[in-house]
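Survey of secondary and tertiary structure
Here is what each chain is made of, one letter per residue.
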Amino acid sequence: MDYPDRWKDKLADEEKREKIARRHWRPTWRHVLVLLIIGALFALVFWPNGCIEFG
């Protein structure tokens, strides 16, 4: 597709796209594991008729 010149000035070149991709956050397996543990703890504490009772 051939873009007009004014659009070509606004398009990111290959180097800029790579820089943006490196800056973008990607979760690691540790992040996923921590989120699963936090979700399990919230489910234990706040689920109706859950395992943990406070008083």
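Residues numbered from 1 in each chain as written. Predicted model: local features only at pLDDT ≥ 70, side-chain atom pairs only at ≥ 80, totals over all residues. Heavy atoms only, no water.

**A few points about the overall build of the chain**
Put simply, the test is: By definition, any uninterrupted DSSP run of H or I lasting at least four residues is a helix, any uninterrupted run of E lasting at least two residues is a strand, and each is numbered from the N terminus. Buried means the residue's accessible area, taken with a 1.4 Å probe over protein chains only, is under 20% of the maximum for its type, while exposed means over 50%, and partly exposed covers the values in between. The method behind every accessible area is Shrake-Rupley, applied with a 1.4 Å probe, and residues are considered shielded solely by the protein chains displayed.
Within the chain, the secondary structure is distributed over three helices and zero strands. In the chain, the order of α-helices and β-strands from amino to carboxyl end is α-α-α. Evaluated residue by residue, the chain yields a buried proportion of 0% over its 55 residues. Of the roughly 6,000 Å² of accessible surface on the chain, 63% is carried by carbon and sulfur atoms.

**A short note on a positive patch on the surface**
Definition in use: The patches described consist of residues with a relative accessible area above 30% and no salt bridge, like charges being joined within 9 Å and nonpolar side chains (Val, Leu, Ile, Met, Phe, Trp, Tyr) within 5 Å. By definition, a salt bridge exists where a carboxyl oxygen of Asp or Glu is found within 4 Å of a side-chain nitrogen of Lys or Arg. Counted as positive: Lys and Arg. Counted as negative: Asp and Glu, with His and the chain ends omitted from the count. Lysine's charge is taken at NZ, arginine's at CZ, aspartate's at CG and glutamate's at CD.
Together, Lys16, Lys19, Arg22 and Arg23 give the surface a local cluster of positive charge. For Lys16, a relative accessible area of 48% corresponds to the partly exposed category.

**A word on a nonpolar patch on the surface**
Nonpolar side chains collect at one region of the surface, where Trp29, Leu33, Val34, Ile37, Ile38, Leu41, Phe42, Leu44, Val45 and Phe46 lie side by side and expose about 1,000 Å² of accessible area between them. Along the chain, the position of Val34 falls in helix H3 (residues 29-46). Assessed through its relative accessible area of 45%, Val34 is described here as partly exposed.

Limitation: the analysis is restricted to geometry and does not speak to function.
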